[in-house]
Structures are given as C-alpha cells and as structure tokens.
Amino acid sequence: MKIVVDTNGSDFGVESVINGAIKAYEKEKYFISFVGEKDKIEKIIDFRLPKYDYEIINSTEIINNNDEPVRAIRKKKNSSMVVAFNTLNLEGYDGLISQGSTGAILACSMFITGRLNGVKRASIVANVPTRERKTIIIDPGANIDTKPEMLMDFARMGSIYCKTVFNVKNPRIGLLNIGIEEHKGNQLARDTFAMLTKSNLNFIGNIEARDILTDKVEVIVTDGFSGNIAIKSIEGTAILLLSEIKKSILSSKISKIGAFLIKDKLKELLSIYNLDKANAAPVLGIKKPVFKCHGSSDSEGFAYAVGNLLDYIKKDVTKKLEGEFE
C-alpha cells in the first residue's frame, strides 16, 4: 500500500510524525510518501528506511490551526497538506494521514478528494475508548452547523463503518441529546429523531452524554459542536484521572505497595482507556481513505493511527460506503 504522510501538524514536530511512520512500517511494510521540507525529512529518516519504500515530496508552506480552512487551501497551494491531498488523487496512492487542522483536512477532503455520490456532507469519526472499543461518535467536530438530513447521512455512514471495521452485524444508533425522551432537545435533535425513527437503521433513541462510555450503542450521532464538546470532555477527564491516580500511587510507600499488588489489573484497565488507541479519525463520505490523527499524539500514537488506516484500506470501507449511497 502507498500512504501519503503529511509531516506537519504534530504538537511534537516533524520528527515525531516521521518516527511514528517508521514505527508503523516496522510492524507492517508499506510505501511511505512523506510530504514536507525535503532536507529536514531526509535527515530525520537517516537511512532507517530502504530507498525503494519511501519518497519525499517537497513543500514549503504549512497550514496552521489559526488559518481559516477554505481560504488557506486556496492561498497555500504549496502547503504540505494541499500537496499531500493532490498526491493522494494521483493513481496508485491508497490513503493519507495528517495531524494537521481538522477544518483544513475536511476542506481538502471535500474540495480536492471529493465526496462520494449521494453524500451531502463528509464527516469525521472518533473512536470512543469503551471497554469493548466498538463505539464511535460522528461528528466529533468537523461540521458545526448541520441539518437533519446530514445527521441521517452520518448515521448511515457510521452504521456501515461499524459493520465493516468492527464486524457488528446490526449496529445500534443513538442520538446524542440532553435526555432520552423523544420530545427533548432543540429543533435539530427532534427533527433528526423523527427521521431516524422512520429509517431502516437500528435506531434505539436518544443517548445522554453520561452514557457515551457505557457501550449502550455502537454509533453516537451528533452535530460537530456538541460532539466536539463531548469528546474533549472525555479526553480531559481521562487525562486528569490518570494524572491523579499516578500522584496517589506515588504519594506513600503503602500506596506504592498496593499499586504493585494490583499492577496487572491496573495495567489492563488503563490499556482499555488508552487515548492513543482512540486517536485515529477517518473522514467518511469521500472518494479515498483519509485519516486525521490528533495533533497531541506522539510517535507511538501516530504509528497506531497508521495501522488503523492500513486496516481501513484492507477492509475497503470507502467502496462499501459508495455502494450504500449509490
């Protein structure tokens, strides 16, 4: 497989992205097309990859999180992200991964890669680290202003994604809301509820934020505004709790002994809610596989995200979505 890697966008710099791509390569061989500053990339690679398994495509500009997405992709034609997406459109390239701006990735996905026929709006999926690891939120922040028809598309795409990637026969769909009753929520929520009820999807009704991590559904449908608040609240809570647990363990000899006695169970629990294993977000509804990786992910997290992208390509999710909407 031939994967395009946008080397910019990581909070840890270009080196972290390249190291992550190489770590993923060591687990599963694939051709890497690095996009960014050629001289810098070559130095970081430092002969760790065989020449026949990678290429470097030079670019001199970067799209930042502060840039307005659509304007940026029009003005910064030589940015690593725009060059990466144009490369993906060429024959023989199978997928793309970037840690750049979510808005810019979505804009490039829609205007450069293009939407699948019948899809009103592409969306990003976020994996939620539940015990079974089979829950997704769609949309976690890509589309702030939405309509009921768009949320219906999200539900359909989310259902196909879970069937294909998680092997769930009939994914349960839940609509994120402020209560489980049918009449709860704003007009968008009520209208979407009515549409989902009439659909042939396995819609079980509204789901509250407190139930996101409880495995009640496989697909949580929401607009990007509410979804982004939900997913970031979960991430912030997880980071805080892990920090406080670590402080408590190190606070005394007794707590250290106690932690040693339950270390296996503790390790098992922490592995379930490992944020690195929920950091890969595919863009659904476009013509080629594109993954958004969190900017805060280190090289290990990026390597894990590349592995998810390779799996996504093997399972041919894009073709299955295309068949659903045609």
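Because the structure is predicted, anything quoted here is derived from the model rather than measured.

> Please give an account of the overall build of the protein chain that cites residues and values.
A count of helices and strands for the protein chain gives twelve helices and twelve strands. The C-alpha radius of gyration of the protein chain comes to 20 Å, within 12% of the 20 Å expected for a compact globule of 326 residues. By its C-alpha atoms, the protein chain is 60 × 60 × 35 Å across when sized along the principal axes. In the protein chain, which comprises 326 residues, the proportion classed as buried is 51%. By sequence separation, contacts in the protein chain at least 24 residues apart represent 68% of the contacts at least 6 residues apart. Summed over its atoms, the accessible surface of the protein chain is roughly 16000 Å², and 52% of this surface lies on carbon and sulfur atoms. Averaging the locations of the 46 positively and 41 negatively charged side chains of the protein chain gives two centres separated by 2 Å.

> Would you mind going over the sheet that holds strand β12 (residues 290-293) in detail, with residue names and values included?
The strand order across the open sheet formed by seven strands is β3-β2-β1-β4-β12-β11-β5, and the pairing between neighbours is mixed. Of all the strands in the sheet, the pair left with one neighbour each is β3 (54-58) and β5 (123-124). Where β5 and strand β11 (residues 280-284) come together, two bridges link them in antiparallel fashion. Looking at β11, one finds that Ser-123 is bridged to Leu-284. The strands touched by helix α2 (residues 38-45) are β2 (31-36) and β3; relative to β3, the strand with the most contacts, the crossing angle is about 155°. Packed on one face of the sheet, helix α6 (residues 148-165) meets β5 and β11 and runs near 125° to β11.

> Residues and numbers for helix α7 (residues 187-198), please.
With twelve residues, α7 ought to run about 16 Å at 1.5 Å a step, and its terminal C-alpha atoms sit 17 Å apart, in line with that. The complete set of buried residues in α7 reads Leu-188, Ala-189, Thr-192, Phe-193 and Leu-196. Across the axial projection of α7, the buried residues extend over an arc of 130°, all falling on one side.

> How would you explain the packing of helix α1 (residues 14-27) against α2 if you had to name every residue and give the values?
At a minimum axis separation of 10 Å, α1 and α2 run at an interaxial angle of 50°. Relative to α2, the element α1 is oriented oblique. Like other packed secondary-structure pairs, α1 and α2 cross with a definite hand, here right-handed. Along the contact surface, α1 presents Val-14, Glu-15, Ile-18, Asn-19 and Ile-22, while α2 presents Lys-40, Ile-41, Ile-44 and Ile-45. Looking at the contact of α1 with α2, its residues break down into six nonpolar, one polar and two charged.

> Quick one: what's the story with the nonpolar core, residue by residue and with numbers?
Tyr-30, Ile-32, Phe-34, Ile-97, Tyr-161 and Val-221 are the most contacted members of the largest nonpolar core, which totals 60 residues. A total of ten residues in this core trace back to one element, the largest contributor, which is α6. In this structure, Tyr-30 is in contact with Met-1, Ile-3, Ala-21, Ala-24, Tyr-25, Asp-53, Val-306 and Leu-310, ignoring residues within four places of it in sequence. Ranked by size, the runner-up nonpolar core spans 27 residues in total, among them Val-4, Ile-73, Phe-85 and Ile-112.

> Report on the pattern of salt bridges, specifying residues and quantitative values.
According to the stated counting rule, one finds 14 salt bridges in the structure shown. Across the salt bridge formed by Lys-314 and Glu-28, the nearest N and O atoms sit 2.7 Å from each other. In this pair, Lys-314 is assigned in helix α11 (residues 299-314) and Glu-28 in the loop between α1 and β2, connecting sequence segments 286 residues apart. On the basis of relative accessibility, which here comes to 27%, the residue Glu-28 falls in the partly exposed class.

> Explain the packing of aromatic side chains residue by residue, including any values.
For any pair of aromatic rings, the description rests on two quantities: the centre-to-centre distance and the angle between the ring planes. What the rule picks out here adds up to six aromatic pairs. A centroid spacing of 5.8 Å and a plane angle of 85° characterise the contact between Tyr-161 and Phe-166, whose relative ring orientation is edge-to-face. Since its relative accessible area comes to 17%, Phe-166 is described here as buried. Aromatic pair Tyr-161 and Tyr-312: ring centres 6.3 Å apart, planes at 40°, arrangement tilted.

> Which residues make up the environment of Ser-79, and what values go with them?
Topologically, Ser-79 is positioned in the loop between α3 (69-75) and α4 (80-88). Overall, Ser-79 belongs to the buried group, its relative accessible area being 0%. In the structure, Ser-79 is positioned 155 residues away from Ile-234 in sequence and 32 Å away in space, judged by C-alpha atoms.

> Could you give an account of the state of the cysteines, naming the residues involved and the relevant values?
Applying the stated criterion across every chain, the model contains zero disulfides. Considering cysteine sulfurs only, Cys-293 is the nearest to Cys-162, which forms no disulfide, with 20 Å between them. When its relative accessible area of 0% is taken as the criterion, Cys-162 is described as buried. Not engaged in a disulfide, the cysteine Cys-293 finds its nearest cysteine sulfur in Cys-108; these two sulfurs lie 17 Å apart.

> Quick one: what's the story with the pairing of β3, residue by residue and with numbers?
Sheet topology note: the β2/β3 ladder contains five bridges and is parallel. If you follow Gly-36 over to β3, its bridge partner there is Asn-58. The handedness of the β2 to β3 crossover, carried by α2, is right-handed.

Reading the values: rules and limits
Residues numbered from 1 in each chain as written. Predicted model: local features only at pLDDT ≥ 70, side-chain atom pairs only at ≥ 80, totals over all residues. Heavy atoms only, no water. Helix = DSSP H or I, 4+ residues; strand = E, 2+ residues; numbered from the N terminus. Rg over C-alpha atoms; globule rule 2.2 N^0.38 Å. Buried < 20%, exposed > 50% of the residue type's maximum accessible area, 1.4 Å probe, protein only. Contact = heavy atoms within 4.5 Å. Areas by Shrake-Rupley, 256 points an atom, 1.4 Å probe, with all protein chains shown as cover. Lys, Arg positive; Asp, Glu negative; His and termini not counted. Charge placed at Lys NZ, Arg CZ, Asp CG, Glu CD. Pairing = 2+ DSSP bridges. Axes fitted to C-alpha atoms, helices over the stretch in contact; angles between N-to-C directions. Expected span 1.5 Å × (residues − 1). Arc of directions from axis to C-beta. Parallel < 35°, antiparallel > 145°, perpendicular 65-115°, else oblique. Left-handed = near helix turned anticlockwise from the far one by under 90°. Nonpolar A, V, L, I, M, F, W, Y, C, P; charged D, E, K, R; others polar. Core = buried A, V, L, I, M, F, W, Y, C linked by side-chain atoms within 4.5 Å. Salt bridge = Lys/Arg side-chain N within 4 Å of Asp/Glu carboxyl O. Phe/Tyr/Trp six-rings, centres within 6.5 Å; stacked < 30°, edge-to-face > 60°. Disulfide = S-S within 2.5 Å. Right-handed = clockwise from strand over helix to strand, strands pointing away.

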